[in-house]
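So the chains spell out like this:
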Amino acid sequence: MLGKIIELTNSYMDSMPKKERKKYGQFFTSMETARFMTSLYDVPVGKESITVLDAGAGSGILSCAFIEWAKQFDTVKKIQVTCYETDEKVLGLLRDNLRYCQEHSPQIIEYHIRTENYITSQYLDFNSLLGGESDPLKYDYVIGNPPYMKISKDAPEAAAMPEVCHGAPNMYFLFASMGLFNLKDNGEMVYIIPRSWTSGAYFRKFRQYFLTNGKLEYAHLFVSRNKVFDKEDILQETIIIKIRKTDVSPDQVNITSSKSSQDFDEITSLTVPYDLVVSGKDQYVYLVTDQKKVAVLEQLHQFHYTLPDIGVKMKTGLTVDFRSRDLLRDEEEVGAIPLFYAQHIKQGKVCFPIQKEHEYVVTDQRGLMQDNRNYLFVKRFTAKEEPRRFQCGIYLARNHPQYTKISTQNKINFIDGLLGEMSECLVYGLYVLFNSTLYDEYYRILNGSTQVNSTEVNSMPVPDMESIQEMGRTLMKTKDLSEKNCDRILEGYCG
């Protein structure tokens, strides 16, 4: 049955330019992925009638996969399917596919297609603005491949769900939030969504809502980013999650991985304590796939401080060079101050000058200048194939005594003291942490991207101030800035 639905969907995709489908954030689920997603649901014990919601249904692949899964249970006599879809171009295909499933299933299939906006049509219920008079329909199961679309913070959908929005919203996590809202208590939700929500400031409010009202039971990762959606060129890192609507945390989370959406027969599996996967006040989600990564989390989670807790903070470089071209200089002149780039970080140190273009800036804008004092510089961006995410350079103010002010390009981050200059031993100690294998691996678990995000770094667990300073003193004595030496020094503080 599902094979026929996929065949009809592929014909639609061939007739509809990708540019048109992209307007709706429309990327269709493969047959293998759809079947895998439905296999994650619990058997509907004792239920003769079950309900499922598929928001952003597209051609109905997931709805039909659900029907195919449910019809194997003799106890299930009736399946009620509700689909939301607003794209008029695909509505005809959706109706045809659901009708085909209805005609080829031994159960009674009832389907309802709703063409109103999934988010804005429910905002009164979601925000409890109807004084308890409304009784919105709730479902046993929710399944979804939501639209992947960034929207403005004042878009109607974002305005409808202020509880989960912060910064730049994306439709996918609005759909996920509403999907959880639409579940019955103890109901199950399976979604295929980007991994980006698992960390970062933009998704904090979403995580707080999502992981308070529901609990993560299962996550599946794809090793290859570009082999998740058939016939699509998608580089977004994508995961499949199963959430149960409950306030009781499970003891464990099952995390699996496969190379692509065609390799579900060859998956690796790991069972991890829930408190290790969902951790910290920001409820970051750590998706570990082997025992080595579990050990990394266990080692760092024994530390109970963050950088701000010990009086320092990572910040993003101040100068966006392409917006300040008239202020940039290739050579030093009266009134010019150094502008530090990622290229100035070399083998653990900050080297300046290096005869690079635009490595000076002439400005009186206070927002582009910082005091010439001790910092740890960290590159914001690295290439995917590079062996390390954290690439650091020690900057000491005494090496450039002729300057009272400096500037940093916004493609580097810097760690600064909150109340004044950091001591040299503290800078060296921070270098030990961020140049170690342990912290680099921890960040890769936390964030799947190649960008070092200051918000996430500021939430990472670190030792107490005195321990970090002692590490720094040890490093200053050895004068060996290698990763291997940093590992050796850090090992003495990791139990």
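Definitions and cut-offs
Per chain, residue numbering runs from 1 following the sequence as it is written. Confidence filtering applies because this is a predicted model: local features only for residues at pLDDT of at least 70, side-chain atom pairs given and counted only at 80 or more, and all residues used for totals across whole chains, interfaces and linings. Excluding hydrogens and water, the side-chain figures rest on all heavy atoms present in the structure. Going along the chain from the N terminus, every DSSP run of H or I of four or more residues is numbered as a helix, and every run of E of two or more is numbered as a strand. For every residue, the accessible area (1.4 Å probe, protein chains only) is compared with the maximum for its type, and the residue is labelled buried under 20%, exposed over 50%, or partly exposed between those bounds. Every residue pair with non-hydrogen atoms within 4.5 Å of one another is taken to be in contact. In short, Shrake-Rupley with a 1.4 Å probe defines the accessible areas, and a residue's cover is counted only from the protein chains shown. In this scheme Phe, Tyr and Trp rings, the latter by its six-membered ring, pair at centre separations within 6.5 Å, and the angle between planes marks the pair as stacked below 30 degrees, edge-to-face above 60, and tilted otherwise. Each pair of strands is called paired provided DSSP finds at least two bridges between the two strands. Here an axis means a line fitted to C-alpha atoms, over the contact stretch when the element is a helix, while the angle between two N-to-C directions is reported on a 0 to 180 degree scale. When describing relative orientation, an angle under 35 degrees is termed roughly parallel and one over 145 degrees roughly antiparallel, while 65 to 115 degrees is termed roughly perpendicular and anything else oblique. For this classification, Asp, Glu, Lys and Arg are treated as charged, while Ala, Val, Leu, Ile, Met, Phe, Trp, Tyr, Cys and Pro are nonpolar and the rest, including Gly, are polar. Residues grouped as a nonpolar core are buried Ala, Val, Leu, Ile, Met, Phe, Trp, Tyr and Cys residues, joined through side-chain atoms within 4.5 Å. Multiplying 1.5 Å by the residue count of a helix minus one yields the expected span of that helix. Think of a polar contact as two N or O atoms within 3.5 Å of one another; within protein, one of them needs to be a possible hydrogen donor and the other a possible acceptor, and neighboring residues in sequence only count if both atoms come from side chains.

> I'm lost on the overall build of the protein in this one. Help?
Scanning the protein from N- to C-terminus turns up 16 helices and 22 strands. Its C-alpha atoms give the protein principal-axis dimensions of roughly 80 × 50 × 45 Å. Each of the 495 residues in the protein was classed as buried or not, and the buried ones make up 56%. Pairs at least 24 residues apart make up 77% of the contacts formed inside the protein by residues separated by at least 6 positions. Of the roughly 21,900 Å² of accessible surface on the protein, 48% is carried by carbon and sulfur atoms.

> Mind showing me how you'd approach the packing of aromatic side chains here?
Within a pair of aromatic rings, the relevant descriptors are the distance that separates the centres and the angle that separates the planes. All chains considered together, the criterion is met by 34 aromatic pairs. Ring geometry for Phe66 and Trp69: centres 5.3 Å apart, planes at 50°, overall tilted. Residue Phe66 and its partner Trp69 are both found in helix H4 (residues 61–70); the two are separated by three residues, about one turn of the helix. Residue classification places Trp69 among the buried residues on the basis of a relative accessible area of 8%.

> Could you clarify how one ought to interpret the sheet that holds strand E21 (residues 405–408) in this entry?
Taken in spatial order, the five strands make up an open sheet running E13-E17-E14-E21-E18, and their pairing is mixed. In this open sheet, the two edge strands, each paired with only one partner strand, are strand E13 (328–329) and strand E18 (370–371). Looking at chain direction, E13 and strand E17 (residues 360–361) are connected through two bridges and run antiparallel. Bridge pairing in E17 places Leu328 opposite Val361.

> So what exactly am I meant to see when it comes to the packing of helix H12 (residues 424–434) against helix H15 (residues 465–478) here?
How two helices pack is summed up by the angle between their axes together with the distance between the axes. Here H12 crosses H15 at 90°, and the two axes come no closer than 6 Å. With respect to their mutual orientation, H12 and H15 come out roughly perpendicular. In contact with Glu424, Cys425, Leu426, Tyr428, Gly429, Leu430, Tyr431, Val432 and Leu433 of H12, H15 contributes Met465, Ile468, Gln469, Met471, Gly472, Arg473, Leu475 and Met476. Of the residues assigned to the contact of H12 with H15, the class counts are 12 nonpolar, three polar and two charged.

> Help me understand the pairing of strand E22 (residues 412–417) in this model?
Successive side chains on a regular strand alternate, one facing one side of the sheet and the next facing the other. A large share of E22 lies buried, amounting to six of its six residues. Here strand E12 (residues 312–316) runs beside E22; their pairing, made up of five bridges, is antiparallel. Across the sheet, residue Thr316 finds its bridge partner in E22, namely Asn413. Relative to E22, strand E19 (residues 375–379) runs antiparallel, the two being bridged by four bridges. Across the sheet, residue Val378 finds its bridge partner in E22, namely Asn413.

> Quick question: what am I supposed to make of unusual backbone geometry here?
Cis geometry is adopted by the peptide bond preceding Pro353, which originates at Phe352 and carries an omega value of -5°. Phi is positive for His358, which is not a glycine, with a value near 60°. Tracing the sequence through the fold places His358 in the loop between strand E16 (348–350) and E17. One non-glycine residue with positive phi stands out, namely Lys479, at about 60°. Residue placement: Lys479 occurs in the loop between H15 and helix H16 (483–491).

> Can you help me understand the nonpolar core in this one?
Generally speaking, soluble globular proteins have nonpolar side chains that are buried together. Among the nonpolar cores identified, the biggest contains 139 residues, and Trp197, Phe210, Ile241, Leu376, Phe390, Leu430 and Phe434 are the most heavily contacted of them. Here this core takes nine residues from helix H8 (residues 171–181), the largest share from any one element. Residues in contact with Trp197, not counting those within four places in the same chain, are Tyr172, Phe203, Phe206, Arg207, Phe210, Leu211, Ile239, Ile241 and Val285. Formed by 14 residues, the second largest nonpolar core is a distinct cluster that contains Phe340, Phe352, Tyr375 and Tyr403.

> Explain H15 to me, please; I cannot follow it from the model alone.
Residues three or four positions apart in an α-helix share a direction because the helix packs 3.6 residues into each turn. End to end, H15 covers 20 Å across 14 residues, agreeing with the expected 20 Å (1.5 Å per residue, within 8%). Taken together, the buried positions of H15 are Ser467, Ile468, Gln469, Met471, Gly472 and Leu475. Lining the buried residues of H15 we find H12 and H16. Near the N-terminus of H15, the side chain that reaches the backbone nitrogen of Glu466, with its oxygen 3.2 Å away, is that of Asp464. Looking one or two places after H15, you find Lys479, whose phi comes out positive at around 60°.

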